[in-house]
Each structure stands twice: as structure tokens, then as C-alpha cells.
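Below, each chain spelled out in residue letters.
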Amino acid sequence: AYELSLGLVGSEMCIRDSIETESESQVNLSGLQFTTRIDRMDQMKDGSKLIIDYKTGKNVGLSKLISEPLEQAQLPIYAISNKVDGVTFANINSKDCQFKAITKNKYDLPMSHQSINRMPEWKKQVSQWSKELVNASQQFQNGNASVIPAKNACDYCEYDLLCRVDKADNSG
């Protein structure tokens, strides 16, 4: 059983086998072609497939996967271009190890009650990602590559001479 002090739900890991590691695949996103490299794909005990992306150092939150505009496109791209039932960041650092996941089965991985409750429904989220990424691909191919910095991103930026952001418009 997982330690209750960690606030994790689940009594055993549901991973059966690692299917792929460091695998490259070609992606065609509405005519925009590029290569991705998946850290790891596992098959769960129920037969479903999960893509794991390892992050060391800074903790990457689930909100980065469901924000509008999308702040982290990597896992959403994996989700729409592979036949999988979930994607997760495995945040690993000296203080903590956590999964930040969106999966078809919310109980596949040991996560806090809060993470499980905040997790969107898989099929709806994949549909939303697909719409958002196809739109971004089409916009990019049509020459529209507007910069949408995160709040306060410009406060400490040293690239004023190269930047296309009007800092007066980025006041928050």
C-alpha cells in the first residue's frame, strides 16, 4: 500500500509492461510534419496504454495541460497522435516524485485525491486538444505565429530587441 502520509490513492501500481522507451515517431498535425520522441509507453494491467514523460527539477502541473491557450503541448501531441488511454508527467526531483496525469482510468496511477478530482474526462480532453492543436498548426502554416507570453513573463526578459511582444499589452 502507498503511504497515507503522501495522500496517494491506490494500493498497487497498475503498470504491467514497458512497451517502448525513447521511441521516435513522425507526426502530421494538419499538414505540419515533425518528429517526436516519447520517453516511455507502458501497458497497464487492464490492457490500456499510457505515455510517460519524465520531468526532473521543476514540478510541471496539470494546469499546463488544460490551460487556454495550451502551455505544454508535448503530452497533448502524444495523446492525439498515438493510440493511448492516458498521458502523464512523472515529476522527479530530490524532494518529491509525482504523477501529473490525464487518463481514461483515473485510478491507474498513485495520485492525490485533489489530482484525481481535477482530472478532466479523457475523451473530452483529447477532443479539445485535437481542436486546439489543429487550429495552432493551421495558424502557424498560414504565417500567424503570434506570441502569447505567460503572465509576468516579460518582467525579467532580456530579449527586448528581439521580442515581438508589446510590453504595454502584457501587463497581466
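One numbering rule holds for all chains: residues counted from 1, following each sequence as written. Local features in a predicted model are, by the rule used here, given only for residues with pLDDT of at least 70; side-chain atom pairs are given and counted only at 80 or more, and totals for whole chains, interfaces and linings are based on all residues. Excluded from the side-chain calculations are hydrogens and water; all other atoms, namely the structure's heavy atoms, are used.

Labels follow the DSSP assignment, with helices taken as runs of H or I lasting at least four residues and strands as runs of E lasting at least two, numbered in each case from the N terminus. By this rule, a helix spans an expected 1.5 Å times one less than how many residues it contains. Spanning 20 residues, helix H4 (residues 122-141) covers 28 Å between terminal C-alpha atoms, matching the ideal 28 Å at 1.5 Å per step. Note on classification: 1.4 Å probe, protein chains only; a residue is buried when its accessible area is under 20% of the maximum for its type, exposed when over 50%, partly exposed between these limits. Taken as a whole, H4 has its buried residues at Trp122, Gln125, Val126, Trp129, Glu132, Leu133 and Ser137. Projected down its long axis, H4 shows its buried positions confined to an angular sector of 135°, all on one face. Away from its buried face, by an angle of more than 90 degrees, H4 presents the exposed residues Lys123, Lys124 and Lys131. A 3.5 Å cut-off defines polar contacts: any pair of N or O atoms within that distance qualifies, except that in protein one atom must be a possible hydrogen donor and the other a possible acceptor, and neighbouring residues in sequence count only when both atoms are side-chain atoms. Backbone nitrogen of Lys123 and a side-chain oxygen of the N-cap are separated by 3.3 Å at the start of H4; the cap is Glu121. Two residues or fewer after H4 comes Gly143, characterised by a positive phi angle close to 90°. What the arc covers is the set of directions going from the helix axis to the C-beta atoms.

Two strands are counted as paired when DSSP detects at least two bridges linking them. In the sheet, strand S3 (residues 32-44) pairs with strand S4 (residues 49-56) via four bridges, with the strands oriented antiparallel. The residue bridging Met41 from the neighbouring strand is Ile51, located in S4. Counting the residues between successive antiparallel strands, the hairpin from S3 to S4 contains four residues, one of them, Gly47, with a positive phi of roughly 95°. In this structure, S4 lies alongside strand S5 (residues 86-92), joined through six bridges in parallel fashion. Looking at the pairing, Thr56 lines up with Ile92 of S5.

The next point concerns a nonpolar patch on the surface. Note that patches include only residues with greater than 30% relative accessible area and no salt bridge, and the join distances are 9 Å for like charges and 5 Å for nonpolar side chains (Val, Leu, Ile, Met, Phe, Trp, Tyr). Note on areas: Shrake-Rupley, 1.4 Å probe, and residue coverage restricted to the protein chains presented here. We define a salt bridge as a side-chain nitrogen of Lys or Arg found within 4 Å of a carboxyl oxygen belonging to Asp or Glu. Residues Tyr159, Leu161 and Leu162 make up a contiguous nonpolar surface patch of roughly 460 Å² in combined accessible area. As for its placement among the helices and strands, Leu161 is situated in the segment after H4. Overall, the relative accessible area of 87% leaves Leu161 in the exposed class.

If you look at the biggest cluster of nonpolar residues, it comprises 31 residues, and the most contacted ones within it are Ile51, Trp122 and Trp129. Sorting the residues of this core by element identifies strand S2 (15-29), S3, S4, helix H2 (74-81), S5, strand S6 (97-103) and H4 as the ones contributing at least two each. Not counting residues within four places of it along the chain, the set of residues in contact with Trp122 comprises Ala79, Val84, Asp85, Gly86, Val87, Ile102, Thr103, Lys104 and Trp129. Residues belong to a common nonpolar core when they are buried Ala, Val, Leu, Ile, Met, Phe, Trp, Tyr or Cys residues joined through side-chain atoms within 4.5 Å. Only heavy atoms matter for contacts: two residues are in contact if any of them lie within 4.5 Å across the pair.

Each pair of aromatic rings taken from Phe, Tyr and Trp, with Trp reduced to its six-membered ring, is defined by centres within 6.5 Å and is described as stacked if the planes are under 30 degrees apart, edge-to-face if over 60, and tilted in the remaining cases. Tallied over the full model, the rule gives one aromatic pair. Measuring from ring centre to ring centre gives 6.2 Å for Trp122 and Trp129, while their planes differ by 85°; the resulting arrangement is edge-to-face. Accessibility assignment for this pair places Trp122 and Trp129 in one class, buried.

Turning next to the pattern of salt bridges. What the rule picks out here adds up to five salt bridges. For the salt bridge of Arg37 with Glu24, the shortest nitrogen-to-oxygen distance reads 2.5 Å. Placement of the pair is Arg37 in strand S3 and Glu24 in strand S2, with a sequence separation of 13 residues. Exposure remark for Arg37: the relative accessible area of 42% places this residue in the partly exposed category. Residues participating in the shared-partner salt-bridge network are Glu22, Glu24 and Arg37.

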